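Now for the letters of each chain:
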Amino acid sequence: MSDVIRVLVVDDSAFVRKVVREMLSRSPYMEVVGVARDGEEALEMVEQLHPHVVTCDLNMPGVDGLSFVRRQMARRPLPILILSVASEDAGLALQALDAGAVDFVQKPTALASEDLFRIREELVEKVKAAALAPIRALAPPAPVRAAPDPAFATARHYNFDIVVIGISTGGPQALRKFLPLIPANFPVPIAIVLHMPVGFTALFAEKLKETCPLNVKEAAEGDPVRAGHALIAQAGRHLRLNRTAEGVVAHLTRQPAELLHCPSVDVLFQSASEVYGERVLGVVMTGMGNDGRAGAAWIKAQGGSILTEAEESCVIYGMPRSVVEAGLSDGAVPLEGMAQAIINHL
């Protein structure tokens, strides 16, 4: 790739096209090579202009954003970043991610220029990250079948009492690939932080539950943390684990408020290590940034273990890389082997 990232902006609103072009053009690393009003025009412009990244609205007349993603990824995969209103488009956005879109940026509901410019830093960083995404990692998830239940019932002791997972860019696709391979009789709970906009995690958990033997749900205050269940942190709330007289339960909080991500992988991992001590298996998967590195250090300090997703299967190798380079990873595992690796470590 050249030093400058070539971007195509797709949106039916002339105002949004203008503002997004202006936001991206302020970066010395980006050039907006064209704008399109709908998916049909975008398909033609991709062939003409060869952009490195496409930003795309979802609700457009004619060929909408979802149809564009499906058609473009079937024709020639490239990084597509969805830019839309989460509260209105959550279902469509999840389908676009399943079809191969690399990530999602939440467009403000009020389309005043000052509101749009507030997302500039996030948009620029995600365009940069998308430009580095390996095309092989953008393929839509293949259908998966749940693996036969391992003979967990014959074992009396396991190496860990909980599995905690941190994941971001590329996370919805990755979770849909490997979580269905965790059997229903998995003998310890799973807690997950996935970086998603507010309004996404409940629907994503519902969709994931349809394909998983595990009982998957968005975490709610006081939910019991128990075997055979996977709790996904609620967008906009940190997920902590508290031990009570009745057992370990989920606690949702906005504190600490100063962290870049809410929910934060670091908060979940630290909380798990405080409750379960050395009996925590942490898993850090695809995503940009370093959320999870400090949490992994907490787990390791208590005697727990950390797995990281291997670089070759990550959409973005930022989060796992930060853990590996800090010397905190006990093993790097490609996505297709992650479910079995977790089972083996247990």
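Residues numbered from 1 in each chain as written. Predicted model: local features only at pLDDT ≥ 70, side-chain atom pairs only at ≥ 80, totals over all residues. Heavy atoms only, no water.

S.K.: When you look at the pattern of salt bridges in this model, what are you seeing that I'm missing?
M.R.: When the charged atoms of two side chains with opposite charge come close together, those side chains can pair. Enumeration over the complete set of coordinates arrives at 15 salt bridges. Glu 125 is paired through a salt bridge with Lys 128; the nearest N and O atoms lie 3.6 Å apart. Of this pair, Glu 125 and Lys 128 both sit in helix α6 (residues 120-131), three residues apart, which is roughly one turn of that helix. Taking the relative accessible area as the measure of exposure, Lys 128 reaches 26% and is therefore partly exposed. Here the residues in one salt-bridge network are Asp 11, Asp 57 and Lys 107, joined through shared partners. (Salt bridge = Lys/Arg side-chain N within 4 Å of Asp/Glu carboxyl O. Helix = DSSP H or I, 4+ residues; strand = E, 2+ residues; numbered from the N terminus. Buried < 20%, exposed > 50% of the residue type's maximum accessible area, 1.4 Å probe, protein only.)

S.K.: Sorry, what's going on with the packing of aromatic side chains here?
M.R.: Where two aromatic rings form a pair, the distance of their centres and the angle of their planes describe that pair. Considering all chains together, one arrives at one aromatic pair under this definition. The cationic tip of Arg 243 hangs over the ring face of Tyr 276; the distance from NZ or CZ to the ring centre is 5.5 Å. (Phe/Tyr/Trp six-rings, centres within 6.5 Å; stacked < 30°, edge-to-face > 60°. Lys NZ or Arg CZ within 6 Å of the ring centre and 35° of its normal.)

S.K.: Explanation requested: the packing of helix α1 (residues 14-25) against α6 in the structure shown.
M.R.: How two helices sit against one another is set out by the angle between their axes and by the gap between those axes. At a closest axis distance of 10 Å, the pairing of α1 and α6 adopts a crossing angle of 70°. As judged from the angle between their axes, α1 and α6 are roughly perpendicular. In the crossing of α1 with α6, the sense of the turn from one axis to the other is right-handed. Two secondary-structure elements touch here, α1 through Val 20, Met 23 and Leu 24 and α6 through Arg 120, Leu 123, Val 124 and Val 127. (Axes fitted to C-alpha atoms, helices over the stretch in contact; angles between N-to-C directions. Parallel < 35°, antiparallel > 145°, perpendicular 65-115°, else oblique. Left-handed = near helix turned anticlockwise from the far one by under 90°. Contact = heavy atoms within 4.5 Å.)

S.K.: Would you mind going over α1 with me for this structure?
M.R.: In an α-helix, one turn spans 3.6 residues, which is why side chains three or four residues apart end up on the same side. The terminal C-alpha atoms of α1, which comprises 12 residues, lie 16 Å apart, in line with the 16 Å expected from a rise of 1.5 Å per residue. Turning to α1, its buried residues number three or more, namely Val 16, Arg 17, Val 19, Val 20, Met 23 and Leu 24. (Expected span 1.5 Å × (residues − 1).)

S.K.: Help me understand the pairing of strand β13 (residues 305-309) in this model?
M.R.: Of all the five residues making up β13, five are buried; the element is thus mostly covered by neighbouring parts of the structure. In β13, alternate side chains face the same way, and those of Ser 305, Leu 307 and Glu 309 on one face and Ile 306 and Thr 308 on the other are all buried. Of the pairings in the sheet, the one linking strand β12 (residues 280-284) to β13 comprises four bridges and is parallel in character. The partner of Leu 281 across the bridge, within β13, is Ser 305. This β-α-β element, β12 to helix α10 (residues 293-301) to β13, shows right-handed connectivity. Here two bridges tie β13 to strand β14 (residues 332-333), and the two strands are oriented parallel to one another. If you follow Thr 308 over to β14, its bridge partner there is Ala 332. You can see the chain leave β13, run along helix α11 (residues 318-325) and come back into β14, and the turn it takes is right-handed. (Pairing = 2+ DSSP bridges. Right-handed = clockwise from strand over helix to strand, strands pointing away.)

S.K.: Quick question: what am I supposed to make of the sheet that holds strand β1 (residues 5-10) here?
M.R.: The strands that make up a sheet are held in pairs by hydrogen bonds between backbone atoms, and each pair lies either parallel or antiparallel. On the basis of which strands lie adjacent, the open sheet formed by five strands has the order β2-β1-β3-β4-β5 and parallel pairing. Only two strands of the sheet have a single partner each, and these edge strands are β2 (30-36) and β5 (103-106). Averaged over all adjacent pairs, the angle separating strand axes in this sheet is 25°, with direction ignored. Bridge count between β1 and strand β3 (residues 53-56): four bridges; the pairing is parallel. By the bridge assignment, Val 7 is partnered in β3 with Val 53. Along the sheet face, α1 touches β1, β2, β3 and β4 (80-84) and points at about 165° away from the line of β2.

S.K.: Any chance you could explain the sheet that holds strand β8 (residues 215-218) here in plain terms?
M.R.: Spatially, β8-β9-β7-β6-β12-β13-β14 is the arrangement adopted by the seven strands of the open sheet, whose pairing is parallel. Since the sheet does not close on itself, it has two edges, and those belong to β8 and β14, each with one partner. Lying on the sheet, helix α9 (residues 265-276) is in contact with β6 (162-167), β7 (190-194) and β12; it crosses β6 at an angle near 170°. Packed onto the sheet, α10 meets β6, β12 and β13 and runs at close to 145° relative to β13.

S.K.: Before we go on, may I ask you to explain the nonpolar core in this structure?
M.R.: Counting residues in hydrophobic clusters, the biggest one holds 64 residues, and the most contacted among them are Phe 68, Phe 178 and Phe 186. It is helix α12 (residues 335-345) that contributes the most residues to this core, six residues altogether. With near-sequence residues (within four places) excluded, Phe 68 lies in contact with Gly 39, Ala 42, Leu 43, Val 46, Val 54, Cys 56, Val 63 and Ile 80. (Core = buried A, V, L, I, M, F, W, Y, C linked by side-chain atoms within 4.5 Å.)

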